[in-house]
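Residue-level structural notes
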Amino acid sequence: MTRLARGSRTWRDLSPLLRLLLLTQLAFNIGFFAVLPFLAEHLGTAIGMAGWLVGLVLGLRTFSQQGLFVVGGALTDRYGVRPLVLAGCVLRIAGFVWLGYARDTASIIAAVLLIGLAAALFSPAVESEVARQAVLWEEAGHGPRTRVLALLSVAGQAGAFLGPLLGALLLAVDFRTACLAGAGIFVLVLAGHLRLLPQHIPGRERIRARGGLRELLRNGRFLAVCCAYGAYLLAYNQLYLALPDEVQRGTGSQAPLAWLFALSSILVVTAQLPVTHWAARRLDLRRSMTAGLLLISAGFAAVAAARPAGWTGIAGLLPAAVFVVLLTVGQMLVTPAARAWVPELAPDGRIGLYTGALSSVAGLIVLAGSAATGALLGGTLPGWLPWLVLAALPLAAVGLLPRRVTRRAPSAAT
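Predicted model, so just to flag it, every value in this text is computed and none were measured.

A tally of regular secondary structure across the chain gives 17 helices and zero strands. Its C-alpha atoms give the chain a radius of gyration of 21 Å, within 12% of the compact-globule value 22 Å for 414 residues. With the C-alpha coordinates aligned to their principal axes, the bounding extent of the chain is approximately 60 × 50 × 45 Å. Taken across its 414 residues, the chain has 53% of its residues classed as buried. Taking the intrachain contacts of the chain between residues at least 6 apart in sequence as the baseline, contacts between residues at least 24 apart amount to 85%. Carbon together with sulfur atoms contributes 67% to the accessible area of the chain, which is approximately 17300 Å² in total.

Shown next as structure tokens:
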């Protein structure tokens, strides 16, 4: 069976709800990436903010989103998917419109906080329900759950690829137009979900009992997966921290970055499903994450090994390209496996909380690790040494992964 036919068959086998949620992920990312990649330039050039203030604004947006995923997940368990998705869309619309018209620092900060909070509501709702539906899809005999979760990655990455292209076209008018277009996309998403998203999803009961967070903090196996996933996310973040430095060193310009980012997106869109299909036939969840982390480590090691040669020009770009390819293939193995592992480790009725916690814990690791990585890259160490240290992080994460993978069917309460 060809890759296209396999993907088409998988899509046909999905329930209408799963198709809606995957298309939702695509639309979310198109709307988001039509605006946010251009925010720093807008704040620095059009608004005239100082560099430290631009960094603060971007950090606040990340914190209000990633740091609060656990809150959005808990609210999803309590109130259901539909209210969180709808509320998040309303906040995202308001945030984009506000950002388009904001000119002073306080208004800009308030707008980006709204934009981040919106994702903290709707993303855990969508991701946790996709994970739950993927387990049901697997139990119905359609194939491994990772195939559905791979489609979630493909939808997100396709949106991340198409969004900046749309934003670049709209910026020919101005930044406000891009913001209003992003808001318009979320208006369409809101209208579609008001009509199509069920009031109550069969099998997902709302949970009212407290104590879920305390139970989560005692779940050592889940926290181990979170930490390993956080190490992956810290490594992935080097696309925006270490990679630009390497490209600048090798070519004297950061212009090739756009091509390397496009390479990463195209790889995910075209190869995610075949990679997931291969991994599902040969690897369990732990081995899939292990293989992905080892590939990521090899990507860092490749740059470290090439640094002493001092290559420049086209040859100087080769280590960066190898790093991007290995990092992206590693991502294709790690992300679906980590998301598929959450339903195994979450107790009944807590899949939203645990899905949100996976992102929040990983986000905190990235927040702490990025400062240390920045200091490492900006120091006076030999150029190869920071990359070798970064190569060691995914290797250490492999040792954190739980040894035993259980298969627990979720009850009706999940």
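What follows picks up the thread again.
Moving on: the confidence of the model for the chain. Mean pLDDT for the chain: 87, with 94% of residues reaching 70 or above. Element-level mean pLDDT values for the chain span from 64 in helix α1 (residues 3–13) up to 96 in helix α14 (residues 285–306). Note that residues 407–414 has pLDDT below 50 and, in this model, 26 contacts with residues that lie over four places away or in other chains.

What follows is about the state of the cysteines. Summed over all chains, the structure comprises zero disulfides. Counting only cysteine sulfurs, C89 is the nearest neighbor of C179, a cysteine outside any disulfide, at a range of 17 Å. The buried category is assigned to C179, whose relative accessible area is 0%.

A separate point is the pattern of salt bridges. Throughout the structure, instances matching the rule amount to six salt bridges. Across the pair E129 and R132 runs a salt bridge, and its minimum N-O distance is 3.1 Å. Linking E129 with R132, this pair stays in helix α7 (residues 105–139), spanning three residues, or about one helical turn. The residues E129 and R132 share a single accessibility class, namely buried. Measuring nitrogen to oxygen at the nearest pair gives 3.5 Å for the salt bridge that ties D245 to R307. Taken together, the residues D245 in helix α12 (residues 242–251) and R307 in the loop between α14 and α15 (313–345) connect sequence positions 62 residues apart.

Now for the side chain of E246. Along the chain, E246 falls in helix α12. A distance of 3.1 Å separates the side chain of E246 from the side chain of R249, its partner in a polar contact.

α7 packs onto helix α5 (residues 69–79) with a crossing angle of 60 degrees between their chain directions and a minimal axis gap of 7 Å. Classified by the interaxial angle, the pair formed by α5 and α7 is oblique. The chirality of how α5 crosses α7 is right-handed. Across the interface between the two elements, F69, G72, G73, L75 and T76 of α5 pack against A119, A120, L121, S123, P124, A125, E127 and S128 of α7. Split by residue class, the contact of α5 with α7 holds seven nonpolar, five polar and one charged.

A word on the packing of aromatic side chains. Overall, the coordinates contain 11 aromatic pairs when judged by the stated rule. Ring centres of Y229 and Y232 lie 5.3 Å apart, and the angle between their planes is 50 degrees; on these two criteria the pair is classed as tilted. Pair noted here: Y229 and Y232 are both in helix α11 (residues 220–236), with a separation of three residues, about one helical turn. The two residues Y229 and Y232 agree in class, both being buried. Ring geometry for F323 and W387: centres 5.3 Å apart, planes at 90 degrees, overall edge-to-face. Note that F323 is positioned in helix α15 and W387 in helix α17 (residues 384–398), a separation of 64 residues in sequence. Residue F323 is classed as buried on the basis of its relative accessible area, which comes to 0%. Aromatic rings pair up to connect F28, F96, F122 and F186 into one cluster. Here the guanidinium or amino end of R78 rests over the ring plane of Y79, the centre of that ring lying 4.8 Å away.

A few words on the nonpolar core. Across soluble globular proteins, nonpolar side chains show a tendency to be buried alongside one another. Counting residues in each nonpolar core, the largest one holds 107 residues, and the members touching the most others are L99, F222, L243 and F323. Considering every element that reaches this core, the biggest residue donor is α7, with 15 residues. When residues no more than four places from it in sequence are discounted, the contact partners of F222 are L216, V342, L345, Y354, A357 and L358. Grouped together as the second largest cluster of nonpolar side chains are six residues, A271, A279, M332 and L333 included.

Turning to α11, a few remarks are in order. At 3.6 residues per turn, the α-helix brings residues three or four places apart onto the same side. A rise of 1.5 Å per residue sets the reference length of α11, with its 17 residues, at 24 Å; its end C-alpha atoms lie 24 Å apart and thus fit the reference within 8%. With 13 of its 17 residues buried, α11 lies for the most part within the structure.

Take α5 next. Looking at α5, one finds that the buried residues are F69, G72, G73, T76 and D77. Across the axial projection of α5, the buried residues extend over an arc of 140 degrees, all falling on one side. One or two positions beyond α5, positive phi appears at G80, with a value near 100 degrees.

Rules used throughout
- Numbers given to residues run from 1 along each chain, matching the order in which its sequence is written.
- Only residues with pLDDT of 70 or above have their local features reported here, since the model is predicted, and side-chain atom pairs are shown and tallied only from 80 upward, although totals for entire chains, interfaces and linings are computed over all residues.
- Water and hydrogen atoms play no part in the side-chain values, which are based on all heavy atoms of the structure.
- Secondary structure elements follow DSSP: runs of H or I of four or more residues count as helices, runs of E of two or more count as strands, with numbering from the N terminus.
- For the radius of gyration, the atom set is restricted to C-alpha positions; the globular benchmark scales as 2.2 Å times the number of residues to the power 0.38.
- With a 1.4 Å probe rolled over the protein chains alone, any residue whose accessible area is under 20% of its type maximum counts as buried; one over 50% counts as exposed, and the rest are partly exposed.
- Any two residues whose heavy atoms approach within 4.5 Å at even a single point are treated as in contact.
- Under the convention used here, a 1.4 Å probe and the Shrake-Rupley method define accessible areas, while residue burial counts only the protein chains that appear.
- Per residue, pLDDT measures the predictor's confidence, with a range of 0 to 100.
- The disulfide criterion is simple: two cysteine sulfur atoms within 2.5 Å.
- For this document, the term salt bridge refers to a Lys or Arg side-chain nitrogen within 4 Å of an Asp or Glu carboxyl oxygen.
- Pairs of N or O atoms are called polar contacts if they sit within 3.5 Å, as long as, within protein, a hydrogen donor faces a hydrogen acceptor (for residues adjacent in sequence, only side-chain-to-side-chain pairs).
- Helix axes use the C-alpha atoms of the stretch in contact, all axes being lines fitted to C-alpha atoms, and the angles between their N-to-C directions lie in the range 0 to 180 degrees.
- When describing relative orientation, an angle under 35 degrees is termed roughly parallel and one over 145 degrees roughly antiparallel, while 65 to 115 degrees is termed roughly perpendicular and anything else oblique.
- Handedness of a helix crossing follows the sense of rotation of the near helix relative to the far helix, less than a right angle counterclockwise being left-handed and clockwise being right-handed.
- Under the scheme applied here, ten amino acids are nonpolar (Ala, Val, Leu, Ile, Met, Phe, Trp, Tyr, Cys and Pro), four are charged (Asp, Glu, Lys and Arg), and all others, including Gly, are polar.
- Aromatic rings from Phe, Tyr and Trp, taking only the six-membered ring of Trp, are treated as a pair when their centres fall within 6.5 Å; an angle between ring planes under 30 degrees marks them as stacked, one over 60 as edge-to-face, and anything in between as tilted.
- By the criterion adopted, a ring carries a charge over it if an Arg CZ or a Lys NZ lies within 6 Å of its centre and within 35 degrees of its normal.
- Residue types Ala, Val, Leu, Ile, Met, Phe, Trp, Tyr and Cys, when buried and joined through side-chain atoms within 4.5 Å, form a set referred to as a nonpolar core.
- Every helix has an expected span of 1.5 Å times one less than the residues it contains.
- This arc is taken over the directions from the axis of the helix to the C-beta atoms.

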